[in-house]
Amino acid sequence: MPNASRYLESGYTYHLTHRCHDRRFLLKFARDRNDYRKWLREGARRYGVAVYNYCITSNHVHVIVHVDDAASVASMMQLASATVARHWNRRKDHEGSVWEHPYKCTKIQDGTHLLRCLRYVSLNMVRAGAVSHPDEWRWCGHDELMGSRSRYTILSIERLLQSLDIPSYQSLQSTYASGINEMIARLEFGREAAWTEALAVGDRAFVERAAINSHNRRKFEYDPVVAADKDSWAVREDRDSYSSV
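Criteria and cut-off values
Residues numbered from 1 in each chain as written. Predicted model: local features only at pLDDT ≥ 70, side-chain atom pairs only at ≥ 80, totals over all residues. Heavy atoms only, no water. Helix = DSSP H or I, 4+ residues; strand = E, 2+ residues; numbered from the N terminus. Buried < 20%, exposed > 50% of the residue type's maximum accessible area, 1.4 Å probe, protein only. Contact = heavy atoms within 4.5 Å. Areas by Shrake-Rupley, 256 points an atom, 1.4 Å probe, with all protein chains shown as cover. Arc of directions from axis to C-beta. Polar contact = N/O pair within 3.5 Å; in protein donor to acceptor, adjacent residues only side chain to side chain. Core = buried A, V, L, I, M, F, W, Y, C linked by side-chain atoms within 4.5 Å. pLDDT = per-residue confidence, 0-100. Pairing = 2+ DSSP bridges.

Chemist: Explain the overall build of the protein here, please?
Modeler: Helix and strand counts for the protein stand at 10 helices and seven strands. Burial analysis of the protein (245 residues in total) assigns 53% to the buried set. Sequence separation of 24 or more characterises 73% of the internal contacts of the protein that already satisfy a separation of 6 or more. As presented, the protein carries roughly 11,800 Å² of accessible surface, and 47% of it is formed by carbon and sulfur atoms.

Rendered as structure tokens:
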């Protein structure tokens, strides 16, 4: 899973994943998930980061962002994670790590691949068996994508429409929701490792460019991603190459 501090590039969309230390369920209470969402919203506003979706679970968070400036994304993630950790440690009279460091990233090609990633993130707690539909989980961007949240919003809908090349918010809601409902009806919401473990997901040309632009000497492996579009690929670092660098 690529280290965000090494791979974030301006001009691209990324799926960021940040896990609690030792995968412990440190966000199991609503107050902690609310705290993270509050500071994610503040970070996006303060540093001007375009957030496309998010999901706050009991032991990790997902955030999809468009990177205009890598330092701004880093500042947003640092504000949310550090503030939540400080509050959690103070309340629990605890010393030590709350988060695994650093958070990880996967570059996502805009368009249909980004749309699939939006759904994948929203379905996280359905996949975990906690809810039967994303609209039952308050700590994700599903309600904003569907237009049912008007206060304390986080998502940059106008920027998202541009990245998806979708003409209107209504079109986005229809396309996104129909896909969510079809995936749930067909039980097609299982874990797909590429969205969190790959360097990049997109068509073959996109992931090859991502590997070329990675600026390191490691080897990469290309794998087809199970998808309806038939041209979806993931590129990941070859684990054997770590010992050869």
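Chemist: What am I meant to see in helix H7 (residues 157–164) here?
Modeler: If you check which residues of H7 are buried, you get Ile-157, Leu-160, Leu-161, Ser-163 and Leu-164. One side of H7 holds all its buried residues, which, seen down the axis, span an arc of 165 degrees. In H7, the exposed positions angled more than 90 degrees off the buried face are occupied by Glu-158 and Gln-162. The secondary structure elements touched by the buried residues of H7 are strand E1 (12–19), strand E2 (50–56), strand E3 (60–67), helix H4 (112–122), helix H6 (142–145) and helix H8 (169–185). Asp-165 sits one or two positions beyond H7 and adopts a positive phi of about 55 degrees.

Chemist: Would you explain the environment of Glu-136 in this entry?
Modeler: Relative to the helices and strands, Glu-136 is located in the loop between helix H5 (124–127) and H6. Assessed through its relative accessible area of 42%, Glu-136 is described here as partly exposed. Distance from Glu-136 to Val-126, taken between C-alpha atoms, is 9.2 Å for residues 10 residues apart in sequence. A distance of 2.6 Å separates a polar atom in the side chain of Glu-136 from a polar atom in the side chain of Ser-132.

Chemist: I would appreciate a short explanation of unusual backbone geometry in the present structure.
Modeler: Among all residues except glycine, the phi angle is most often negative; among peptide bonds, the trans geometry is most common. Unusually for a residue other than glycine, Tyr-152 sits at a positive phi of about 55 degrees. Here Tyr-152 lies in the loop between H6 and H7. Take Tyr-152: its relative accessible area is 49%, and that puts it in the partly exposed class. For Leu-187, which is not glycine, the phi dihedral falls at a positive 60 degrees. Note on placement: Leu-187 falls in the loop between H8 and helix H9 (194–197). When its relative accessible area of 66% is taken as the criterion, Leu-187 is described as exposed.

Chemist: Which parts of the structure should I look at to understand the nonpolar core?
Modeler: Across soluble globular proteins, you tend to see nonpolar side chains buried next to one another. Residues Tyr-36 and Val-65 are the most contacted members of the largest nonpolar core, which totals 76 residues. Broken down by element, this core gets its largest block of residues, eight residues, from helix H3 (residues 70–92). Contacts of Val-65, omitting those with residues within four sequence positions, involve Tyr-12, Thr-13, Tyr-14, Leu-16, Val-49, Ala-50, Val-51, Val-73 and Met-76.

Chemist: What is the right way to look at the confidence of the model for the protein in this model?
Modeler: Fine structural detail should not be taken from predicted coordinates in areas where pLDDT scores are low. For the protein, per-residue confidence averages 89 on the pLDDT scale, and residues scoring 70 or more make up 90% of the total. Scored below 50 in pLDDT, residues 240–245 shows six contacts in the model against residues more than four places distant or in partner chains.

Chemist: Looking at this model, I keep getting lost on the pairing of E2. Mind explaining?
Modeler: Consecutive side chains of a regular strand alternate in pointing toward one face of the sheet and then the other. For E2, a buried count of seven out of seven residues is recorded, marking the element as mostly surrounded by other parts of the structure. Here E2 pairs with E3 via six bridges, running antiparallel. What sits directly across from Ile-56, in E3, is Val-61. The antiparallel hairpin formed by E2 and E3 contains three residues in its connecting segment.

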